[in-house]
Amino acid sequence: MRKRELERLRKLLEGQREQLVGNAKRALTGDIHLDPDDFPDEMDAASSEISLAFTGRLRERERHLLAKVDQALAKIDAGEYGLCEACGEEIGIKRLEARPVAELCIDCKAEQERLERNIG
Ligand SMILES: [Zn+2]
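All figures in this text were calculated on a predicted structure; none of them were measured in a lab.

Cut-offs used in this document
Residues numbered from 1 in each chain as written. Predicted model: local features only at pLDDT ≥ 70, side-chain atom pairs only at ≥ 80, totals over all residues. Helix = DSSP H or I, 4+ residues; strand = E, 2+ residues; numbered from the N terminus. Buried ≥ 20, exposed ≤ 12 C-beta atoms within 10 Å, placed from the backbone. Contact = placed C-beta atoms within 7 Å. Core = buried A, V, L, I, M, F, W, Y, C linked by C-beta atoms within 7 Å. Expected span 1.5 Å × (residues − 1). pLDDT = per-residue confidence, 0-100.

J.: Help me understand the overall build of the protein in this model?
T.: Per the secondary structure count, the protein includes four helices and zero strands. Written out in order from the N terminus, the α and β elements of the protein read α-α-α-α. The buried share among the 120 residues of the protein stands at 9%. For the protein, contacts bridging at least 24 residues in sequence account for 50% of all contacts bridging at least 6.

J.: Can you walk me through the environment of Leu 73 in this structure?
T.: Relative to the helices and strands, Leu 73 resides in helix α2 (residues 44-78). On the basis of neighbour counts, which here come to 19 C-beta atoms within 10 Å, the residue Leu 73 falls in the partly exposed class. Distance in space between the C-alpha atoms of Leu 73 and Val 101 is 9.0 Å, their sequence separation being 28 residues. Ignoring anything within four residues of it in the chain, the contact list for Leu 73 reads Arg 10 and Leu 13.

J.: Please explain the nonpolar core as it appears in this structure.
T.: For soluble globular proteins, the rule of thumb is that nonpolar side chains tend to be buried together. Core analysis: the biggest nonpolar cluster contains eight residues, these being Leu 9, Leu 13, Val 69, Ala 72, Tyr 81, Ile 91, Leu 96 and Cys 105. Looking at this core, the elements that each hand over two or more residues are α1 (3-29) and α2. Residues within four places of Tyr 81 in sequence aside, it is in contact with Leu 6, Ala 72, Lys 75 and Ile 76.

J.: Sorry, what's going on with helix α4 (residues 106-119) here?
T.: Owing to its 3.6 residues per turn, the α-helix brings residues three or four apart onto one side. With 14 residues, α4 should reach 20 Å at 1.5 Å per residue; the first-to-last C-alpha distance of 20 Å fits that figure. The element α4 is largely exposed, with a buried count of zero among its 14 residues.

J.: How do you make sense of the confidence of the model for the protein when you look at a structure like this?
T.: Interpretation of the predicted coordinates at a detailed level should be avoided for regions scoring low in pLDDT. Per-residue confidence for the protein averages 83 on the pLDDT scale, and 73% of its residues sit at or above 70. Per-element mean pLDDT across the protein ranges from 80 in α2 up to 94 in helix α3 (residues 93-98).

J.: Please explain the environment of Cys 105 as it appears in this structure.
T.: Tracing the backbone shows Cys 105 in the loop between α3 and α4. Overall, Cys 105 belongs to the buried group, with 22 C-beta atoms counted inside 10 Å. For the pair Cys 105 and Arg 95, spaced 10 residues apart in the sequence, the C-alpha separation amounts to 8.0 Å. Residues in contact with Cys 105, not counting those within four places in the same chain, are Cys 84, Cys 87, Glu 89, Ile 91 and Gly 92.

Here it is in structure tokens:
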């Protein structure tokens, strides 16, 4: 991978990281919530439960993604970024630009999804 491409992907990852950390902070201070105006009065209790469940799931998902972003950034620093974890081939710049946290090349990802479908 060219250095310029690597730097662009690092910027993408850092942007994603900032967004995730920002979201997490907002979720903690309660700025992320469902707008109460969207619900009739009798739904207030229920809607705050929905809101809690929603931010809980959001945090779970974001924590997971944040870990992946950190991992990808560490790999860039180590000079190991962009290689498939299964076969060791280059993942490909197009796939990485669409999904900078990708750990598998498109072939291995397709294979993994095929196996998951077979199990399910
Ligand atoms: Zn692969």
